[in-house]
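# A closer look at the structure
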Amino acid sequence: MNFKNVFRWHYPFLLLLLLISRVASAESLLILGDSLSAGYRMSASAAWPALLNDKWQKKPTVINGSISGDTATQGLSRLPALLKQHQPKWVLIELGGNDGLRGFPPQNIEQDLRQIITDIKAANAQPLLMQIRLPANYGRRYNEAFSGIYPRLAQEYNIPLIPFFMEQVYLKPEWMQQDGIHPNPDAQSFIADLMARQLSPLVKHE
């Protein structure tokens, strides 16, 4: 048998398999968020996106592009570079909380989130939008205007709306940091498990 000829015949097929495997292994979920996902006052490896990445064994890879304090405007400004660098297949948008806490006009927040969704789609990625809610002391009128942004955008763009994980974390005072806003390290494993259940039907992994 002429192994040289066999190798030549199989080489294009082997190359195709290699390219396919690389594409499959490159599938990633980008988390575009703020301090709730960045791991406020803890190491990035202790935050729920890193724990989710470990849980899924990088199938797909979870990339944490979150920065504490980010508003929707700041997330929007960082998004092009993140999309270019990571070329994610899915992007989970966890933004707007800081805008709401600062009392920004809801229409401005909605405009920024709408542009984020548009940019993600333009990059051939799938947007996943997380519902964000504010503390009750921000007033009923503002809270309703703010919370209504998310289901409206999800319906408009026909994208999944992910429940706000903090609503369950708030029920456990021992999971909260002293500021009453951010989850502590003890809550991260719970959040990772919760997000795994919510995202698994939307993000295919093996």
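Residues numbered from 1 in each chain as written. Predicted model: local features only at pLDDT ≥ 70, side-chain atom pairs only at ≥ 80, totals over all residues. Heavy atoms only, no water.

Per an unreviewed UniProt entry, the chain goes by the name Thioesterase 1/protease 1/lysophospholipase L1 and belongs to Winslowiella iniecta. You can read under Subunit (unreviewed entry) in the UniProt record for the chain the words "Monomer or homotetramer." (UniProt positions renumbered as here; feature names shortened; annotations may be inferred.)

### As for the overall build of the chain
Scanning the chain for helices and strands turns up 10 helices and 5 strands. Evaluated residue by residue, the chain yields a buried proportion of 45% over its 206 residues. A separation of at least 24 residues holds for 74% of the contacts in the chain among residues at least 6 apart in sequence. About 11,400 Å² of surface is accessible on the chain, with carbon and sulfur atoms providing 55% of the total. (Helix = DSSP H or I, 4+ residues; strand = E, 2+ residues; numbered from the N terminus. Buried < 20%, exposed > 50% of the residue type's maximum accessible area, 1.4 Å probe, protein only. Contact = heavy atoms within 4.5 Å. Areas by Shrake-Rupley, 256 points an atom, 1.4 Å probe, with all protein chains shown as cover.)

### Side note on the pattern of salt bridges
The final tally for this structure, using the stated rule, is 8 salt bridges. Here Arg133 makes a salt bridge to Glu167, at a shortest N to O gap of 3.1 Å. Separated by 34 residues along the polypeptide, Arg133 in the loop between strand E4 (126-130) and helix H7 (140-147) and Glu167 in helix H9 (residues 166-169) bring together distant segments of the chain. Note on Glu167: relative accessible area 38%, which makes it partly exposed. Several salt bridges share partner residues, and in doing so they unite Glu110, Arg114, Arg152 and Glu156 into one network. (Salt bridge = Lys/Arg side-chain N within 4 Å of Asp/Glu carboxyl O.)

### Quick look at the pairing of E4
Where burial is concerned, most of E4 is hidden: 4 out of the 5 residues are buried. With 4 bridges joining them, strand E3 (residues 90-94) and E4 adopt parallel strand pairing. If you follow Trp90 over to E4, its bridge partner there is Gln126. As paired elements, E4 and strand E5 (residues 161-162) share 2 bridges and run parallel to each other. From the neighbouring strand, Met130 faces E5, where its bridge partner is Ile162. (Pairing = 2+ DSSP bridges.)

### As for the sheet that holds E5
What the 5 strands build is an open sheet, ordered E2-E1-E3-E4-E5; its pairing is parallel. The open sheet has two edge strands, strand E2 (61-64) and E5, and neither has a second partner. Sheet strands in contact with helix H3 (residues 48-56) are strand E1 (28-33), E2 and E3, and its direction is about 170° off that of E2. (Axes fitted to C-alpha atoms, helices over the stretch in contact; angles between N-to-C directions.)

### Considering helix H10 (residues 185-199)
The end-to-end C-alpha separation of H10 is 21 Å, in line with the 21 Å expected for 15 residues at 1.5 Å each. Listing the buried residues of H10 in full gives Ala187, Gln188, Ile191, Ala192, Leu194, Met195, Ala196, Gln198 and Leu199. Packing partners of the buried residues in H10 comprise E1, H3, E3, E4, E5 and H9. (Expected span 1.5 Å × (residues − 1).)

### So, the packing of H7 against helix H8 (residues 149-157)
The geometry of a pair of packed helices is captured by two quantities: the angle between their axes and the separation between those axes. Put simply, H7 and H8 touch, their axes get as near as 4 Å, and they point 20° apart. In terms of their interaxial angle, H7 and H8 are classed as roughly parallel. The segment H7 lies against H8, with Ala145, Phe146 and Ser147 engaging Ile149, Tyr150 and Pro151. Here the residues of the contact of H7 with H8 sort into 5 nonpolar, 1 polar and no charged. (Parallel < 35°, antiparallel > 145°, perpendicular 65-115°, else oblique. Nonpolar A, V, L, I, M, F, W, Y, C, P; charged D, E, K, R; others polar.)

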